[in-house]
Amino acid sequence: LIQQLGPSCGPVQHGSTTGNSRGGSPQGDVSSLPQAVVVYDWRMGKLQHRFPGHQREVTKVGCQYGSSRLFSASRDLTVLMWDLHGGDQPVQEFCGHDLVVSGLAVSPDGSQLCTGSRDNALCLWDVESGECLLKNAISRNLVRDTVWEAVGQSL
């Protein structure tokens, strides 16, 4: 289970983190890290991973089924890609929006990422290189979320 944490309180802080063995919420310094994405095993009652890479609060998280890749969008205008089997540093960064990133979707084959922002733009990214392949402005309303169609190449 992936959980996003509360309102911003400043720069990322590092330190030890422990889980509550009775199945409650994570304890320790995690609650002071709204920029962190945490993966919590509710059955075991333990924090599995903590990814503290964003400079502002996390707005969306997503993953590709059957993959160890995890994506997090943030008010810091970035999307970070994490490896659940790797360390606590992002393996890729996607930068190109002018306002908070409010949506993300991974293509069915995992090769591309679509992000949407309050800047009314959609960006299509190559996941491996981090290159923005296409950026389109939406003429009305801000982008709140993105969804990739399971069959085909439609967003």
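Preceding this paragraph is the structure being described.
Below is a short write-up of the structure.

**Here we look at the environment of P90**
Logical step 1: As for its position among the elements, P90 is in the loop between β8 (78-83) and β9 (92-95).
Logical step 2: In this structure, the C-alpha to C-alpha distance between P90 and P52, residues 38 residues apart in sequence, is 9.1 Å.

**So, the packing of aromatic side chains**
Logical step 1: What the rule picks out here adds up to 4 aromatic pairs.
Logical step 2: Judged by centre distance (4.9 Å) and plane angle (35°), the rings of F51 and W82 are tilted. One end of the pair, F51, is in strand β5 (residues 46-51); the other, W82, is in strand β8, and 31 residues separate them in sequence.
Logical step 3: Overall, W82 belongs to the buried group, its relative accessible area being 0%.
Logical step 4: Here the aromatic rings of F94 and W125 are separated by 5.6 Å at their centres, their planes lie at 65°, and the arrangement is edge-to-face. Here F94 is found in strand β9, whereas its partner W125 is found in strand β12 (residues 121-126), with 31 residues between them in sequence. Here F94 and W125 have matching classes, each one buried.

**Looking at unusual backbone geometry**
Logical step 1: Not every positive phi belongs to a glycine, and L77 is a case in point at roughly 75°.
Logical step 2: Position of L77 among the secondary structure elements: in the loop between β7 (69-74) and β8.
Logical step 3: On the accessibility criterion, L77 (29% relative accessible area) is partly exposed.

**A word on the nonpolar core**
Logical step 1: Core analysis: the largest hydrophobic core is formed by 12 residues, namely F71, A73, V79, M81, F94, V101, L104, V106, L113, C123, W125 and V127.
Logical step 2: Only β7, β8, β10 (101-106) and β12 provide two or more residues apiece to this core.
Logical step 3: Ranked by residue count, the leading element in this core is β10, at 3 residues.
Logical step 4: In this structure, W125 is in contact with F94, C95, G96, S111, Q112, L113, T115, G130, E131, C132 and L133, ignoring residues within four places of it in sequence.
Logical step 5: Listed in part, the 7 residues of the second largest apolar core include V39, L70, L80 and W82.

Reading guide: rules and limits
Residues numbered from 1 in each chain as written. Predicted model: local features only at pLDDT ≥ 70, side-chain atom pairs only at ≥ 80, totals over all residues. Heavy atoms only, no water. Helix = DSSP H or I, 4+ residues; strand = E, 2+ residues; numbered from the N terminus. Phe/Tyr/Trp six-rings, centres within 6.5 Å; stacked < 30°, edge-to-face > 60°. Buried < 20%, exposed > 50% of the residue type's maximum accessible area, 1.4 Å probe, protein only. Core = buried A, V, L, I, M, F, W, Y, C linked by side-chain atoms within 4.5 Å. Contact = heavy atoms within 4.5 Å.

By themselves, these observations are geometric and do not establish any function.
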